[in-house]
Amino acid sequence: MTDTAVRTDRPNTAAATPQRGAWIAVLFACTTFLGASLLFMIQPLAAKLILPSYGGSATVWSTSSLLFQLLLLIGYVYAHVSTRRLGARWQPRAHLLLLALPLLALPLALPAESAPPADASPVLWLLRTLLLMVGLPFAVLSTTGPLIQRWYAWSGGPRSDDPYFLFAGSNMGSFVGLLAYPFAIEPLLTLTQQRTAWSIAFVAFMLLMGACALTVRRREDRSADVVAATAGPSARQVGLWCLWAFLPSSLMLAATAHLSTDIAAVPLLWVLPLAAYLASFVLAFARTSRSVSPRLVVPCVAFAVTTGVVSGLGSTALAPLVAVVVGANVLSVGVAGFAAHARLAVSRPDPAHLTLFYLVISVGGALGGLLNGVVAPLLFDGVWEYFLTVALLPVLAIGLPVLHVTARRVLTGLAVVAAVLLAIGAAWGLGGLTAVEAVVLLGGTLAAAVITWLSLRVAGMLTATLLVAALAVIVVQEQASLLTERTFYGSYRVQSVEGQHRLLHGTTIHGTQFLDEDLERTPTTYYATDGPFGDVMTTVAPDDLAVVGLGAGAIAAYGSDVSRIRFFEIDPVVARIAEDPRWFTYLSKSDADVDVVVGDGRLAMEQEPEDSFDVVALDAFSSDSIPVHILTREGIEVFLDRVHEDGVLAIHISNRVFDLRPVLAAHAQALGLHAVFGTGGEGPGASTSEWAVLTRSSEVAEALDALPRWEPLPDDRTVEWTDDYSSVLSVLR
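Residues numbered from 1 in each chain as written. Predicted model: local features only at pLDDT ≥ 70, side-chain atom pairs only at ≥ 80, totals over all residues. Heavy atoms only, no water.

**Student:** How should the overall build of the protein be read in this particular structure?
**Tutor:** Helices and strands together make up the secondary structure of the protein, namely 22 helices and 12 strands. With 733 residues in all, the protein has 59% of them scored as buried. Excluding contacts between residues fewer than 6 apart, the proportion of contacts in the protein whose partners are at least 24 apart in sequence is 79%. Taken as a whole, the protein presents about 27,600 Å² of accessible surface, with 63% of it coming from carbon and sulfur. (Helix = DSSP H or I, 4+ residues; strand = E, 2+ residues; numbered from the N terminus. Buried < 20%, exposed > 50% of the residue type's maximum accessible area, 1.4 Å probe, protein only. Contact = heavy atoms within 4.5 Å. Areas by Shrake-Rupley, 256 points an atom, 1.4 Å probe, with all protein chains shown as cover.)

**Student:** Is there a simple way to think about the nonpolar core in this case?
**Tutor:** Here is a general trend for soluble globular proteins: nonpolar side chains tend to be buried in one another's company. By size, the foremost hydrophobic cluster in this structure holds 148 residues, and its most contacted members are Trp151, Trp198, Phe285, Leu393 and Ile577. The dominant element in this core, judged by the number of residues it contributes, is helix H1 (residues 22-54), at 14 residues. Apart from residues no more than four positions distant in its own chain, Phe285 is found in contact with Phe167, Ala168, His341, Leu344, Ala345, Arg348 and Phe357. Core analysis: the second largest hydrophobic core is formed by 31 residues, Phe613, Val616, Leu618 and Val643 among them. (Core = buried A, V, L, I, M, F, W, Y, C linked by side-chain atoms within 4.5 Å.)

**Student:** Is there a simple way to think about the pattern of salt bridges in this case?
**Tutor:** Should the charged atoms of two oppositely charged side chains come close, the side chains can pair. Applying the stated criterion across every chain, the model contains nine salt bridges. Its salt-bridge partner being Asp591, residue Arg521 comes within 3.4 Å of it at the nearest N-O pair. Remark: Asp591 occurs in the loop between helix H18 (572-579) and strand E7 (593-598) and Arg521 occurs in the loop between strand E4 (508-514) and helix H17 (532-540); sequence separation between them is 70 residues. The salt bridge partner of Arg566 is Asp595, with a shortest N-O separation of 2.8 Å. Placement of Arg566 in strand E6 (residues 564-569) and of Asp595 in strand E7 is noted, with a sequence separation of 29 residues between them. For Asp595, a relative accessible area of 24% corresponds to the partly exposed category. Within the structure, one salt-bridge network assembled from shared partners comprises Asp530, Asp535 and Arg709. (Salt bridge = Lys/Arg side-chain N within 4 Å of Asp/Glu carboxyl O.)

**Student:** Could you clarify how one ought to interpret the state of the cysteines in this entry?
**Tutor:** A covalent bond bridging the sulfur atoms of two cysteines is what the word disulfide describes. By the definition in use, this model includes zero disulfides. Counting only cysteine sulfurs, Cys212 is the nearest neighbor of Cys30, a cysteine outside any disulfide, at a range of 9.0 Å. The class for Cys30 is partly exposed, based on a relative accessible area of 42%. (Disulfide = S-S within 2.5 Å.)

**Student:** Just checking my understanding: could you explain H17 for this structure?
**Tutor:** Because each turn of an α-helix spans 3.6 residues, side chains separated by three or four positions end up pointing in the same direction. Burial within H17 is extensive, with seven of its nine residues counted as buried. Listed in full, the buried residues belonging to H17 are Pro532, Phe533, Gly534, Asp535, Val536, Met537 and Val540. Looking one or two residues beyond H17, the residue adopting positive phi is Ala541, at roughly 50°.

**Student:** Sorry, what's going on with the sheet that holds E4 here?
**Tutor:** Adjacent strands of a sheet pair through backbone hydrogen bonds, lying either parallel or antiparallel. Spatially, E1-E2-E3-E4 is the arrangement adopted by the four strands of the open sheet, whose pairing is antiparallel. The open sheet has two edge strands, strand E1 (483-487) and E4, and neither has a second partner. Geometrically, the sheet is characterised by an average inter-axis angle of 15° between neighbouring strands, direction not taken into account. Direction of pairing for strand E3 (residues 500-505) relative to E4: antiparallel, over a ladder of five bridges. Along E4, the bridge assignment pairs Gln500 with Phe514. Where H18 meets the sheet, it contacts E1, strand E2 (490-497) and E3, and its direction lies at approximately 160° from that of E1. (Pairing = 2+ DSSP bridges. Axes fitted to C-alpha atoms, helices over the stretch in contact; angles between N-to-C directions.)

Written out as structure tokens, the structure is:
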């Protein structure tokens, strides 16, 4: 079998039995659609349930995806082995017994002690929580795809000799179920109603599976003879299947981590790349063509490589174009996935080897999850798996038919690339280009270069070049840092820049400190005394201060005016960095009684007595994104309950993506609070920042409103932010 050809000498496994009515095809299509929908509804539902306990880190999704892929692999192994060993007579009967097991775990519910203890591994605790909550239902549902296609091949229904059309229906169900949750189910139903409805739908799925099992022919099973008579795939073909499944899986997870770190840690941005990934399956397996044109693969690969490189290197410059960045990343997952999955579709084997085919695909997907969920966090200090996966994408073009390339076309392409590069360099040197314009032009140049190289049939050389370039970026950034750390919650770097130590999380500065002894106690960046937060401290004059989010600990510089400062930080590594005097001395040299509580801010704050603090400052960020579960109505009420009657809840809302003022205005209206908004920042090391203050005290609100940097929080456009999905799009800047 060649890389692009499909075996045409398949034995007709349904030929010995007359085909039955179209109703069988409808029954099987409906069953596989419902099963796939339930399988992918359960993933965002589980994410919704566990989000408050794990802080919204992108690693939550990569770890969860790894577990889901491993469970999928187990399901495919079961489908492959059981259909081979039990055959058409006994396998459907045995599976009906297995279908009853998930009833023990219904209705779905978050297990007790779901939040990880401070001294426990968040990864292992998350896996434990997910297994207890959705392990059984997910594992059983994961068997549906290959199993029901094998049953259909046994049923004698229309096209039973080529049941792969059901795979497109399965992925369509996955796609619909995944998007239905954030845009339809979640806004309309409470969590309790969602869990109940999902459980009822699972029972309906069981009944449909029972009906499908009854259609399987009660005849002598000759599948073993068919397998023996049909030449199996070669080891090379199996390896290619695995590679073509690995690349889009890894890219989907890496792109999700990239978006979640630099845009927002919300499940909506976990759902969109996965939806694009599933859509690529639907399109690839719905094709009737038996070959993949290189004219499709080459531009798909070129687009994905270009988007990956430009987005990865230019995420800060492109921040104003957030919708474009998100859309381009999601689209790149889709087009790269289509290039890979189309190659899978045209090389699919005879139905006798169907379960092996899906088993290999699941292995490739699980390897992508393993790279992003386990290997990368252990080996890399940054989210480098994104660049490395992008660098591997050109291998999708290996083995395609030779394109018609002339020397004139090659020289023209190279000349265009060189001319654009020279133009960019000249314009940049003369100050004639903005950073965004330079990144966009560079992306166009890169796309032209990738298409040119792929047209020259040197995909392997291009892959090697991109890998070297990706490694060079990693080495340069590592050498520019005094310290690099990567944990379950993020990637951190400490740099020495212009007489300061600087802490970065992802691409965002999370605190700086002057190295000069005369300035080292000066609060910098978003906490400058001549800025909104300094105004809050002067107006309220707190004695007890709580801060959710530690960063470099700059707020501890206010210790001369405060008796006690309690920081709540979810990541123990951030606490260790802030407490290490080699990097920062805010905590060790503060005049206040400073302590750091390690744990999720919202959950840890619930353990504090009510009316404990004069000021609670919410300053929790993951790179540039705010873990939005702390800004739900329930989250705001938790923090307000710990504030004195005349105290304030100060919320740091500076970011490149969301305008959160309408969200907080809605909370203020609903809870009967006074709300003011301040922006600015001056003085040594200061950064412009945006802060919103919610308070029960009209005197405090009026005092802040009287200051030049402050104004009442606009309430002309409020957004009811009661969940993690439906409000996100409405507050994009």
